[in-house]
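# Structural features, examined
Here is what each chain is made of, one letter per residue.
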Amino acid sequence: FDTIMEYIPGPVSDEESPFQLLISTIDYNDYIGRIGVGKVERGIISEGDTAIIVNAVKPDEKKKVKISQVYEFEGLNRVPVDKARAGSIVAITGIEDINIGDTLASTDDPTPLDFVKISEPTLSMNFSVNDSPFAGREGKYVTSRQIRQRLFRELQTDVSLRVAETTSTDSFKISGRGELHLSVLIENMIREGYELQVSKPEVLVKEIDGKKCEPMERVTIDVSNDFVGSVIEKLGRRKAELTTMQEPSGGYARLEFKMPARGLIGYRSEFLTDTKGEGILNSVFDSYEKFK
């Protein structure tokens, strides 16, 4: 630590300019509501300041708000402070509808900071009350009211998630970014004592220019040369197109595919079996294209 302090130059901060704070994550507390967390890019932000919320994606939408409290971080704890200077990572309370990507800026210069656009959901599942013969044996929160409260509480911190009521009071449609996104939510709920049943995942189809379109994924696979043929064959059946194949080195090859998101559903476990657990698979949303 001493060596870092001695040799690494400190950040160049501008404390004289009007303050700017980019919200990079959201927390929630039952007593004080939504909490915006981010780094003060410039200036000094103080408790009780009036600020403007502006977003680079919607620069014309501006809203005046008042900052209730400013917190800085000490280890895992949040400590209230009167003011925070440029370079500090802070938590801000008192703003109900603050979101990731928003910029809190001084009224003197409400300029938004650039931020990656939050991805829209591409996959949905139904979460329902467990009505099987084994209902009530695994969890302590089993009613639709308890499940509903937990799902809507998740919306306070997860900006890519969507929760919608269905025709049944015991079922809710949950839309997320992908299998991992939804499986993390399910795992968290199970660990917290919630008992529920879920439907199989389905991709969210859109109509664009009168055509039925589906989400496409860019898939990158690192795999041993022995299993390249098996991977290409299996993904080909799932309507994947091989876009790049890098020259093998060290016994491994890198394959890049473009394929429908629905083709990835259920493939990861099959992939691990086919590659004897050695393969690495990564995917990222690409765009909506005509249904294959």
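No experiment lies behind these values; they were computed from the predicted model shown.

## Focus: the sheet that holds strand E6 (residues 69-74)
Here we have 8 strands laid out as an open sheet, ordered E5-E4-E10-E1-E2-E9-E6-E7, and antiparallel in their pairing. Each end of this open sheet is capped by a strand with a single partner; those strands are strand E5 (58-66) and strand E7 (77-81). Here the strands of the sheet are splayed against their neighbours by 35° on average, with no regard to which way each runs.

## Regarding unusual backbone geometry
In this model, Lys 239 sits at a positive phi of 65°, which is unusual for a non-glycine residue. In this fold, Lys 239 is placed in the loop between helix H4 (228-237) and strand E18 (241-245). Lys 239 sits in the partly exposed class, given a relative accessible area of 41%. Non-glycine residue Lys 276 carries a positive phi angle of around 55°. Within the fold, Lys 276 resides in the loop between helix H6 (267-274) and strand E20 (280-290).

## Quick notes on the pairing of strand E1 (residues 20-29)
Bridging between E1 and strand E10 (residues 102-106) involves 3 bridges; their strand directions are antiparallel. For Leu 22, the partnering residue across the bridge sits in E10 and is Thr 103. Once E1 ends, the chain turns through 3 residues before running back antiparallel as strand E2 (residues 33-42).

## Some details on the packing of aromatic side chains
Going through the model one piece at a time under the given rule, you end up with 3 aromatic pairs. Relative to Tyr 194, the ring of Tyr 141 has its centre 4.7 Å away and its plane inclined at 35°; by these criteria the two rings are tilted. Taken together, the positions of Tyr 141 in the loop between strand E11 (123-128) and helix H2 (144-154) and Tyr 194 in the loop between helix H3 (179-191) and strand E14 (197-198) put the pair 53 residues apart, joining distant regions of the chain. Aromatic pair Tyr 267 and Phe 271: ring centres 5.8 Å apart, planes at 45°, arrangement tilted. Remark: Phe 271 and Tyr 267 occur in helix H6; sequence separation between them is 4 residues, near one turn of the helix. Just as Tyr 267 is buried, Phe 271 falls in that class too. Sitting over the face of the ring of Tyr 288, Lys 206 holds its NZ or CZ atom 4.7 Å from the ring centroid. Lying over the aromatic face of Phe 291, Lys 212 brings its terminal NZ or CZ to 4.2 Å of the ring centre.

What counts as what
Residues numbered from 1 in each chain as written. Predicted model: local features only at pLDDT ≥ 70, side-chain atom pairs only at ≥ 80, totals over all residues. Heavy atoms only, no water. Pairing = 2+ DSSP bridges. Helix = DSSP H or I, 4+ residues; strand = E, 2+ residues; numbered from the N terminus. Axes fitted to C-alpha atoms, helices over the stretch in contact; angles between N-to-C directions. Buried < 20%, exposed > 50% of the residue type's maximum accessible area, 1.4 Å probe, protein only. Phe/Tyr/Trp six-rings, centres within 6.5 Å; stacked < 30°, edge-to-face > 60°. Lys NZ or Arg CZ within 6 Å of the ring centre and 35° of its normal.

Geometric descriptors of this kind do not, in isolation, establish any biological role.
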